[in-house]
Amino acid sequence: MFSRNPRGKSSPRAGANRFGRPTSRGRRKAPAARELDFTQFVKKAIQTTETETFNPTHRFADFEMHSKLKANIVKCGYVHPTPIQDGAIPHILKGRDVVGIANTGTGKTAAFLLPLIHKTFKHTTEKVLIIVPTRELALQIEEELRKFAAGSGLHSALCIGGAHIGDQVRSLSRNPSFVIGTPGRLKDLIERGKLHISEFNNIVLDEVDRMLDMGFIQDIKYLVALMKTPRQSLFFSATMPREIAELAKKFLNDPVTITIKARATSENVDQDIVRVLPKEDKIEVLHNLLLLPEFKKVLIFGRTKHGVEKLALRLQDRGFKADSIHGDKSQSQRARALRRFKNDELAILVATDVAARGLDIPDVTHVINYELPENYEDYIHRIGRTGRGTKKGNALTFVD
Ligand code: ADP
Ligand code: MG
């Protein structure tokens, strides 16, 4: 939408947005925003219509999976597989290596969990290692694993930084079928001789693109090289940069690549900018927005851990039910804030990009970029936290 409104005059939305605030006129460059074109942050949501409804070729009932697992899927309320599940599950069940490329919020977790749970139900010797970029994502995957494997007695171990390593050593000693972890902690546990990765014959790399962004490539190479062969390897990612293709070529055995060319997640999202004038106080502008009744569940992004912490405290002082997640908080604090936000005990969560990556939080009404993202890709990840599934979301980006 670069050409939408080059001089910021012709469109009524350009002069003032629906909150009556001035918007994209007279771009001024903030230091961090030199490469960002603010017109990219102004876009109307595309309404989902009936004709776009996906027709899966399978139903969950058609998959050759354990009856207990199928019963749990029904309990979770899943009826039809999502496109990535529809495409990937049959191949994973056949034992093929799979590269799955699909946007956030398209159900990639179940796409790899369901067939792998089936496998571990069938053969108790199967062991699965799931490597993810962030602690929150690991927690989320374990939560989903617990739902799908409920009543089966399946063991899992969560190996993430910021949490007590002794507890993790203990859960590893119970011979878990699933180990879910972040690269640093997994490496640590291997080096301490507590995690015997050579016993694992299934590996999942989730959010591979983010792991590359976060500089985990060497760790991943180290981990994968230690694993058992033959093994089944699955890579999931929203995008497929060259490094991932190379990694896949090196570590996967004749993989099937499933690419879901869905509409960008962001197309469900009404996007606009909020211009903060030099004489205005940014937090006052935010305060006034948060008072509006439609701002029911708001995820606010800041750039630094310190800034995020400070903003959350200032919002609390102003009487808002707010909390924050960022890298300086303990794992239990992060988990608690996230849980309360998910359960609607908090109306506002302030987060850094890293802490919020991949999170699936239902019904976020608004994403607010209180501080600009580093680049457009981060912007897309941020706003992908709202407008999940077919729901319409809203994203506002502060520009000062
Ligand atoms: P991704 O990893 O692609 O970002 P997730 O696996 O986090 O997406 O899934 C997004 C949301 O969709 C989750 O709340 C999940 O429970 C839900 N979901 C996934 N698959 C289905 C399905 N087949 N039917 C209904 N809901 C689903
Ligand atoms: Mg995911």
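Parameters at a glance
- Residues numbered from 1 in each chain as written.
- Chains lettered and ligands numbered in written order.
- Predicted model: local features only at pLDDT ≥ 70, side-chain atom pairs only at ≥ 80, totals over all residues.
- Heavy atoms only, no water.
- 1 Å grid on protein atoms, 1.4 Å probe; cavity = no way out; pocket = protein on both sides within 12 Å on 5 of 7 lines; lining within 4 Å.
- Points joined across faces, edges and corners; volume = space filled by probe spheres on them.
- Helix = DSSP H or I, 4+ residues; strand = E, 2+ residues; numbered from the N terminus.
- Pairing = 2+ DSSP bridges.
- Axes fitted to C-alpha atoms, helices over the stretch in contact; angles between N-to-C directions.
- pLDDT = per-residue confidence, 0-100.
- Contact = heavy atoms within 4.5 Å.

Another aspect to go through is empty space enclosed by the protein. This structure, assessed with the given rule, holds one cavity of 30 Å³ or more. There is about 70 Å³ of room inside the largest cavity. Looking at the largest cavity, the residues that line it are Arg210, Phe301, Asp353, Ala356, Arg357, Gly358, Asp378, His381, Arg382 and Arg385. Elements with a minimum of two residues in the lining of the largest cavity: helix H14 (353-356) and helix H15 (376-383). In terms of residue count, the dominant contributor to the lining of the largest cavity is H15 (three residues).

Our next topic: the sheet that holds strand S2 (residues 128-131). Taken in spatial order, the seven strands make up an open sheet running S3-S4-S2-S5-S6-S1-S7, and their pairing is parallel. Strand pairing shows two members of the sheet lacking a second neighbour, strand S3 (156-159) and strand S7 (256-259), which therefore form its edges. Each neighbouring strand pair of the sheet contributes to a mean axis angle of 10 degrees, computed without reference to strand direction. Here four bridges tie S2 to strand S4 (residues 178-181), and the two strands are oriented parallel to one another. Counterpart to Ile130 in the pairing with S4 is Ile180.

Looking at the chain, the pLDDT average stands at 86 and 88% of residues meet or exceed 70. Ignoring residues within four places in sequence, the model shows residues 1-31, a span with pLDDT below 50, making 64 contacts including any to other chains. Across residues 48-52, where pLDDT falls below 50, the model places five contacts with residues more than four positions away in sequence or in other chains.

All right, on to the environment of Asp254 then. For Asp254, the position within the fold is in the loop between helix H10 (242-251) and S7. Separated by 158 residues in the primary sequence, Asp254 and Arg96 have C-alpha atoms spaced 7.9 Å apart. In this structure Asp254 touches Arg96 and Asp97, once residues within four positions along its chain are discounted.

Attention shifts here to unusual backbone geometry. Note that the residue after Thr229, namely Pro230, is joined by a cis bond; omega there is -5 degrees. Relative to the helices and strands, Pro230 is located in the loop between helix H9 (217-226) and strand S6 (232-237). At Glu207, a residue that is not glycine, the phi angle is positive and equals roughly 55 degrees. With respect to the element layout, Glu207 can be found in the loop between strand S5 (202-205) and helix H8 (208-213). Of note in this structure, Asp363 is not a glycine but carries a positive phi near 60 degrees. Here Asp363 shows up in the loop between H14 and strand S12 (366-369).

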